[in-house]
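# Structural description and commentary
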Amino acid sequence: NEMPEIKTYVNEINEVNNQDTELFGVAKDKNVIFISLESVQSFVINRTVNGEEVTPFMNDLIENSYYFKNFYHQTEQGKTSDSEFLVDNSLYPLPRGAVFFTHGQNEYNALPEILKNQGYYSAVFHANNKSFWNRDVMYDNVGYDHFYDENAYQITQENTIGWGLKDKPFFEQSIKYLQSLPEPYYSKFITLTNHYPFDLGEEDASIEPYHSNSKTLNQYFPTVRYTDEALEEFFDQLKQSGQYEDSIIVMMGDHYGISDFHNKAMSMYLDKDEITPYDHVQLQRVPFFIHIPGEEGKVFEKIAGQIDVKPTLLHLLGIENKGDIGFGNNLFAEERKDFIALRDGSFITDDYIYSKDQCFDRDTGKLLATTSNNELTNNEEEQEENVCQPYKSIVQKELSYSDQIIYGDLLRFYDSKVQVHTEE
Ligand code: GP9
Ligand code: MN
């Protein structure tokens, strides 16, 4: 049984997560409105295209939110579903395939279930076929009370583009359902319009596309702007319907939207000579906002990832989760883990970025060492050769622990639920 070893490793993480901070319980009993932003990457935040702001609403929202500037997605082939898995479980998705499909019937200790024990109702809103990514099975398994899938929405030719219902009518039609939920609730909204290949009707495009050899990158900007506008409208609707004040709103990019295939156009947009493996890793940053009405905003520079969302939310909600098995940290804890592992084994530390056998300085992007190029390892920088090495093995260990839990369905043998406590 691998569990004792894994438990010992996880205990250290839990110790950090249960350190008190002044934010513990700051959102106690509030509704949680989680918005998954399809394919939104951080490189569009506070940036312009053809002289126009890409995401004016989100840029303003940074002012009165906790915003994590160096927050990475950690998804693989399971795309949106992988990001959902990370958020609800603080476990890594699998190196291949989608855990929602391959291990959708495992025993988990997911966010909706933990929150249910605290009196929360939970629901997902997503205007797609309910069995896409095996969501109907997985959602049921991890304790969601209701899934408002495409059948809950009026979908016409006019309000559809690309993958389905456009984000603006999606939010508009969701509000009445949200209002009907028992409170407090944990609700998850999954947007769709900003999905590859980023199709948008002219009537919905407020900004011009970019001009490069990549149609994909060109079209990305107007669709991101559309989603940004949909968010603004949703915030207004939440205020009008009275849901806003009693809620915290969490927004997160699910994964990259622009693949390496478009590196040439991307380097042109970012005004770089080329996209190096270092740049590639930095492009895996996605926006992460925690907006608590009435709280002052703050920008966090320290590295963070999707794996950290679950313990962070539980902390804000004032729920201690001492016995949990997960790999993320509460992002408000002082002394937390100093690396973020990407699913392909690349990683980011406070000082370094490692990808494809290359070790870079995180600040400057300077190549410090490579494991495959002997020339570099034999020169005077040899001393620095191993700076990424110690992390490499920890990252591998952590990913493998997570995989073992999933492949072996190990949470069957461990009842973490009995150790959940609240503030009082
Ligand atoms: C589909 C939506 C998008 O329901 O979640 O899927 P993706 O391809 O991004 O995983
Ligand atoms: Mn997605």
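We now turn to the structure provided with this report. (Residues numbered from 1 in each chain as written. Chains lettered and ligands numbered in written order. Predicted model: local features only at pLDDT ≥ 70, side-chain atom pairs only at ≥ 80, totals over all residues. Heavy atoms only, no water.)

This part is about the nonpolar core. Phe 68, Tyr 108, Tyr 186, Phe 288, Ile 290 and Phe 327 are the most contacted members of the largest nonpolar core, which has 73 residues in total. Within the second largest apolar cluster, 52 residues are counted, among which are Ile 62, Phe 125, Ile 175 and Ile 207. (Core = buried A, V, L, I, M, F, W, Y, C linked by side-chain atoms within 4.5 Å. Buried < 20%, exposed > 50% of the residue type's maximum accessible area, 1.4 Å probe, protein only.)

What follows concerns the state of the cysteines. Here the structure, examined in full by the defined rule, presents 1 disulfide. With its sulfur 2.1 Å from that of its partner, Cys 359 forms a disulfide with Cys 388. Measuring the twist about the S-S bond at about 75 degrees, one finds the Cys 359-Cys 388 disulfide to be right-handed. Of the two residues, Cys 359 is situated in strand 19 (residues 358-361) and Cys 388 in the loop between helix 12 (374-378) and helix 13 (389-407); the sequence distance between them amounts to 29 residues. Residue Cys 359 shares its accessibility class with Cys 388, and that shared class is buried. (Disulfide = S-S within 2.5 Å. Helix = DSSP H or I, 4+ residues; strand = E, 2+ residues; numbered from the N terminus.)

Once that is clear, we can look at the site of ligand 1. As a structural note, the neighbourhood of ligand 1 is formed by Glu 38, Lys 79, Thr 80, His 126, Asn 128, Phe 132, Trp 133, Arg 135, Trp 163, Leu 192, His 195 and His 255. Contact between ligand 1 and Asn 128: an oxygen atom at 2.7 Å from a side-chain N or O atom of the residue. Between an oxygen atom of ligand 1 and a side-chain N or O atom of His 195, the distance comes to 2.8 Å. Relative to its free-state accessible area of 300 Å², ligand 1 is covered by the protein chains to the extent of 96%. (Near = heavy atom within 4 Å. Polar contact = N/O pair within 3.5 Å; in protein donor to acceptor, adjacent residues only side chain to side chain. Areas by Shrake-Rupley, 256 points an atom, 1.4 Å probe, with all protein chains shown as cover.)

This brings us to the coordination of the manganese ion (ligand 2). Think of it this way: four donors in a tetrahedron around the metal ideally sit 109.5 degrees apart, and six in an octahedron ideally sit 90 or 180 degrees apart. The protein atoms that coordinate the manganese ion (ligand 2) are Glu 38 (OE), Glu 38 (OE), Thr 80 (OG1), Asp 254 (OD) and His 255 (NE2), at distances spanning 2.1 to 2.5 Å. What the 6 donor atoms of the manganese ion (ligand 2) show is an angle range of 55 to 168 degrees at the metal, which sorts the shape as irregular. Counting along the primary sequence, the residues that act as donors to the manganese ion (ligand 2) give the motif E-x41-T-x173-D-H. Here Asp 254 lies in the loop between strand 11 (247-253) and helix 9 (263-270) and Glu 38 lies in the loop between strand 1 (31-37) and strand 2 (48-49), a separation of 216 residues in the sequence. Here the two residues Glu 38 and Asp 254 agree in accessibility, since each one is buried. (Donors = N, O, S within 2.8 Å, 3.2 Å for Na, K, Ca; no water. Tetrahedral: all angles 85-135°; square planar, octahedral: opposite > 155°, others 65-115°.)

Everything listed here is a matter of coordinates, which is why it stays silent on function.
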